[in-house]
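Here is how the chains run, residue by residue.
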Amino acid sequence: MSTTATLTTAPASAPVQATDRWYPLRRTTESLLAPAAALAAAALLFSVFLLFLGASPADFLDLVWRGAFGSWFSLQNTVQRAAPLLLTALCVAIPGQLGLVIIGGEAAVVLGGLAATVAALPLLNTSPIIVWAAMAVAGSAMGAFWIGISGWLRARLNVNEVIASLVLSYIGLALFNHLVEGLLRDPASLNKPSTYGIGDGNMLDTVPWLDVHPGLPVGILACLICWVLIYRSSFGFASRVTGGNIRAAQLQGLPVTKLILLACAIGGGCAGLAGAIEVAAEYGRANASLNAGYGYTGILIAFLARFNPLAIMPMAILLGGLGAAGGLLQRRMGLPDATIQVLQGLIFVSILASDTLYGRFRWFQPRGGA
Amino acid sequence: MKPPNPTSLSRRRLLRGTAGAAGLAAIGLTSEQARAAKDLTVGFIYVGPKDDYGYNQAHAEAAAMVKKMPGIKVVEEEKVPETDDVSKTMESMIKLDGATLLFPTSFGYFDPYVLKMATKYKDIQFRHCGGLWTNKDPMNAGSYFGYIGMCQYLNGIAAAHATKTKKLGFIAAKPIPQVLINVNSFALGARSVDPTITTSVIFTGEWSMPVKEAEATNSLIGQGIDVVTCHVDGPKVIMETAERRGIYTCGYHADQSKLAPKGYLTGAEWNWITVYKQFIADAQGGKPIPNFTRGGLAEGFVKMSPFGPALSEAGRKNVTAVKAEIMKGGYSVFKGPLKDNKGNVVVPAGKAYPETAIELESCNYLVDGVVGSTS
Amino acid sequence: MEAIGTVLLAMLAGSLRVSTPFLFVSLGECLTEKSGRINLGNEGVLVLGAMVAYATSYETGSPWAGVAAAAVSGLLLGGIHGAICSLARVNDVAMGIAIMLAGTGIAFFFGKPYVQPSATLLSGIPFGFWSDNAQVRNALSVCPLFLLGIAAAVALHWCFNATRVGLRVRIVGDSQDAALALGLPIDRTRFLATACGSALAGIGGAFLSLYYPGSWNEGLSSGQGLMAVALVVFSRWNPINCIYASLLFGAAGALGPSLQTVGITWGYYLFYAAPYIFTLVVLIITARGGKSLRGMPGQLSIGR
């Protein structure tokens, strides 16, 4: 009963007029054009910035193309960087459906990686499949638990989740460092404190033929599953209805507490899994390398994708590509490493500002019926 | 052809058809590279900013000298994290810039990134700063590193001559062997002058965290410490804070005398140009580049900053005299009987560990006279 | 016993040293949030302010010109946040993160040439002139910005409670309907509150680069701007409480290094995390399940 009542109040799910069969297509067009326009605006602004500095925007574009997409190597480089970001972006996007802003994914990644390593250590002599399964379960469980704390604090005590997740990410990183350099340290890891390794035989290989990070297929799969979850399941529907106004949803009788906990656990699980994959595919052990900022970049991607798991993929590619091109820009144009950050900032500001374009143009709106 | 050792190279990578990498005696230059020897492209990769007044600057200053050498093109990238990013940077330098000699300068770049890339690109020479290479690793990779502990020992001597409170401070990033050797050497240097001197150590837990480093400096000064030195990536803030509070400083990594003109006593500096010059001359001359090279003061891998005005004549004499002894070679700072600060014997009587001693590689204690603990 | 005293003293000194940036950013954030908007971008403002202040002081030789320039840079960056968030459907939390990224990016980009040179710094006011003891003199040398911050807190408190402007900001922040009914310019008020709030945050940045630690580099801020958002929550949107919150947070931050100077090195990572654990505990203790917090502006997006 209550769900039918909320149907009309939820902005994202306004009923489509049956007579306007082209509306879904126009809505999709709108959601593609708005960010495209924003990207163009950011590019324009950045060109002005470059001209002001006496650098050539054309050279810049050429180098970004060559560094990020122009060759098989560059493309691989881009995709490689994008892979872990898919999962960490989901850590923000899933709770985001409920209007929650979780910015503590970094701690879920490192603690997930640590838990995965610890879970793998007693199983090293079984088989790689068992090791990987244990790592995946332990990593996601740890991530789910850590982000779940923020969710629980929000749902039960009404502690703001932005602040809670931020503070918890500092605490989580401290805990990680404390354990890796103390209790869980392999005494043989002399100058780079690390845990014991999972062994070469238990490492995940890169994707055959493509030679890319194994996190890529997992990340893509996770994005697809999360998309189905959000747009084709009752959990997703209830979450989107709740989105933005938790109190109203509570009044309408939705199980908000359960939704928040579930969303935070799924999101945190994704980030924890990202940590587990990094350990299994890259480092073979947990150490400070895990704290690579994937959790923070994931926040940007989730917002750029407007929390849509399908849109996370191109956005991760975009940011991965900028990262890949960054080095070339430093070396060829003598631009400082912060150049990419300025560009990212501009893109981010203008894409978020483009949210205001939605609904401004009549052509994209539902027609007929009346 | 002997297969590479599976402990250093993962088996899966081996199976991918890269077997025999280490067996190839490909330490020299291939014919293709020899032709291009006139125009050698060298890549430098730094973990932090090039102008940090510290670890990265020490490398970047040497790179700037390399840049002036004829026939050399230098490509540089700063702030490359110790993650897969660095493999991609190396690969990008190789593929897009045509670099054939790479210097990934941060300790954490070696395993697995340099190893992975060296296996993948057998024609390219990789020389990593950190002394981690063993003869089980790919032959086109290698290590260079400097023994800087002796310089910290000399720092300690200088500090002992300057201190009035008999309390010295050491701000360290992490309790790892490289750092602990420096802390211990500094404390031993000071105690060689006056055995009542203590050295308090603070671990910040991070290689670069200016606010924490400033706070640590102030905390130490609050305890009555009047000479401070450090082992973090960028000592700038520590030197400036100490100078402002009117205490003495001993530098680390690079020359920081400009930051503390009044209180700077002397400093322990890297002198990487020695290594780079030799490696590049080898590469240009078509000779094999050494796979493993380490050196200290005598070899010119490290050097001392010029004395600051605050160091007394007696202090200068003492430092100069000990330095001359060290330059003769075979000098040992860690001489038995030596106890750690918990009372355990770490160097038995009659033993002495010179800087090259393998026992020091796993140093995990703080010697008697250091206030603090390693865990 | 003596060790405990030493640690407590060090925490006191530490809290006086490091609290000022927290104070300025939390005051700025408090002003912005009172108008019903949240600005996570103050972290970026802090970094930009630090860079601009240092560069200006270096170029002009006057640290106070640097402080002024930092305030102006904050005003501009905050103005951008305020203006864009006035557009319909733009999420202020997300835009704050964008401003944070853009602000730090711009600061790092233009700050490169100022990492090496030494600028003229602000000098402390020597309240310890009567003592011969260098430690006492140092402990009592107070940064003029700290005093300015306390004055700003008092002024802001007075402004909210006793002036028309303050009342308007509060109405706009508490109830959009009431503001509409009274014909108050909602968007303009929020725009100005955000811009002015960020100007304060910019001054906080000037403290970092021109007083303590007194140097410009890219690692200068360790999230002070973000933590200020938490400080505002537990100071209950009261400017006077912001002073206490900043001092407490600063003291917690000094715990780690001061314990180590007395020889307690175990678990230093955990001790360094003390301010965050402290914040979390305070948030939990003061939380009121299901209800909004006392003093929280009704229109704040994070409260809904």
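Bear in mind the structure is a predicted one, so any value in this text is a computation, not a measurement.

(A) Representation of the environment of Ile163(A) within the structure. Within the element layout of this structure, Ile163(A) appears in helix H7 (residues 161-180). Between the alpha carbons of Ile163(A) and Asp211(A) there is a distance of 39 Å; along the sequence they are 48 residues apart. Every residue in contact with Ile163(A), bar those within four places of it in the chain, is listed here: Val229(C), Ala230(C), Val233(C) and Leu283(C).

(B) Spatial organisation of the interface of chain B and chain C. Contacts between chain B and chain C engage 40 residues on the former and 39 residues on the latter. Carbon and sulfur atoms make up 48% of the surface buried where chain B meets chain C, a total of about 3,000 Å² over both sides. Our count for the contact surface shared by chain B and chain C stands at three salt bridges. The salt bridge involving Lys79(B) is made with Glu218(C); its shortest N-O contact spans 2.2 Å. Our count for the chain B to chain C interface comes out at 17 residue pairs in polar contact (both at pLDDT 80 or more). Sorting the residues of the side of chain B that touches chain C by element identifies strand E8 (198-203), helix H8 (210-222) and helix H9 (236-244) of chain B as the ones contributing at least two each. When residues in the side of chain B that touches chain C are grouped by element, the largest group, 11 residues, is from H8(B). Looking at side-chain class alone, the side of chain B that touches chain C contains 15 nonpolar, 13 polar and 12 charged residues.

(C) Structural detail: the packing of helix H12 (residues 294-304) of chain A against helix H14 (residues 338-353) of chain A. Residues and elements named next belong to chain A. Relative orientation of the contacting elements H12 and H14 amounts to 35°, with a least axis distance of 10 Å. Considering how the two elements wind past one another, H12 and H14 form a crossing that is left-handed. Across the interface between the two elements, Leu 300, Phe 303 and Leu 304 of H12 pack against Gln 344, Ile 347, Phe 348, Ile 351 and Leu 352 of H14.

(D) Seen up close, the packing of aromatic side chains. Here the structure, examined in full by the defined rule, presents 33 aromatic pairs over all chains. Every member of this aromatic cluster is reached through a ring pair, and the members are Phe44(B), Tyr46(B), Phe103(B), Tyr144(B), Phe145(B), Trp270(B), Trp272(B), Tyr276(B) and Phe279(B). One residue, Arg306(A), lies across the ring of Tyr358(A), its end atom 3.8 Å from the ring centre. Over the ring of Tyr331(B) we find Lys335(B), and its NZ or CZ is 5.5 Å from the ring centre.

(E) Examining the pattern of salt bridges more closely. Summed over all chains, the structure comprises 28 salt bridges over all chains. A salt bridge links Arg66(A) to Asp62(A); its shortest N-O distance comes to 2.9 Å. In this pair, Arg66(A) and Asp62(A) are both assigned in helix H3 (residues 57-68), four residues apart and thus about one turn of the helix distant. Using a relative accessible area of 38% as the deciding quantity, one classes Arg66(A) as partly exposed. Asp62(A) gets classed as partly exposed once you look at its relative accessible area, which sits at 35%. With a closest N to O distance of 3.6 Å, Lys116(B) and Glu282(A) form a salt bridge. Within this pair, whereas Lys116(B) is found in helix H5 (residues 110-120), its partner Glu282(A) is found in helix H11 (residues 256-283), the two belonging to separate chains. What you see here is one network of salt bridges that share partners, running through Asp337(A), Glu78(B), Lys79(B), Lys112(C) and Glu218(C).

(F) Structural detail: the sheet that holds strand E13 (residues 302-304) of chain B. All names here are of chain B. Taken in spatial order, the seven strands of this open sheet run E13-E11-E10-E9-E7-E8-E18, and their pairing is mixed. Each of the sheet's edge strands pairs with one partner strand only, and the pair in question is E13 and strand E18 (370-371). The pairing of E8 with E18 spans two bridges and is classified as parallel. Looking across to E18, one finds that Ser 200 is bridged to Val 371.

(G) Quick peek at the nonpolar core. Counting 222 residues, the largest nonpolar core has Phe303(A), Phe126(B), Met95(C) and Trp216(C) as its most contacted members. Dropping the residues within four chain positions of it, Trp216(C) is found in contact with Lys236(B), Val47(C), Ala50(C), Met51(C), Tyr54(C), Ala107(C), Phe108(C), Gly111(C), Tyr114(C) and Val115(C). If you look at the next biggest cluster of nonpolar residues, it comprises 99 residues, including Ala60(B), Leu188(B), Phe279(B) and Ala283(B).

Cut-off values and rules
- Within each chain, residues carry numbers counting from 1 in the order of the written sequence.
- To label them, take the chains in the order written and letter them from A, then take the ligands in the order written and number them from 1.
- Only residues with pLDDT of 70 or above have their local features reported here, since the model is predicted, and side-chain atom pairs are shown and tallied only from 80 upward, although totals for entire chains, interfaces and linings are computed over all residues.
- Excluding hydrogens and water, the side-chain figures rest on all heavy atoms present in the structure.
- Helical segments are the DSSP runs of H or I of at least four residues, strand segments are the runs of E of at least two, and each set is numbered from the N terminus.
- Contact definition: two residues touch when any of their heavy atoms are within 4.5 Å.
- Computed with a 1.4 Å rolling probe, the buried area is the accessible surface lost when two parts are put together, summed over both parts.
- The salt bridge criterion pairs a side-chain nitrogen of Lys or Arg with a carboxyl oxygen of Asp or Glu, the two atoms within 4 Å.
- Whenever a nitrogen or oxygen atom comes within 3.5 Å of another N or O atom, the pair is scored as a polar contact, on the condition that within protein one atom can donate a hydrogen and the other can accept it, and that pairs from neighbouring residues in sequence are kept only if both atoms are in side chains.
- Residue classes follow a fixed rule: Ala, Val, Leu, Ile, Met, Phe, Trp, Tyr, Cys and Pro count as nonpolar, while Asp, Glu, Lys and Arg count as charged, and any other residue, Gly among them, counts as polar.
- A fitted line through C-alpha atoms serves as each axis, taken over the contacting stretch for helices, and the angle formed by two N-to-C directions is quoted from 0 to 180°.
- Each crossing gets its handedness from the near helix: less than a right angle anticlockwise from the far helix is left-handed, clockwise is right-handed.
- Stacked, edge-to-face and tilted are the three classes for Phe, Tyr and Trp ring pairs, Trp counted by its six-membered ring, which pair at centre distances within 6.5 Å; planes under 30 degrees apart are stacked, over 60 edge-to-face, the rest tilted.
- Here, a charge over a ring means that NZ of Lys or CZ of Arg falls within 6 Å of the ring centre while also lying within 35 degrees of the ring normal.
- Think of it in three bands: with a 1.4 Å probe and only protein chains considered, a residue is buried below 20% of the maximum accessible area for its type, exposed above 50%, and partly exposed in between.
- Strands pair, by our definition, only if DSSP identifies at least two bridges between them.
- Side-chain atoms within 4.5 Å link the members of a nonpolar core, which is a set of buried Ala, Val, Leu, Ile, Met, Phe, Trp, Tyr and Cys residues.

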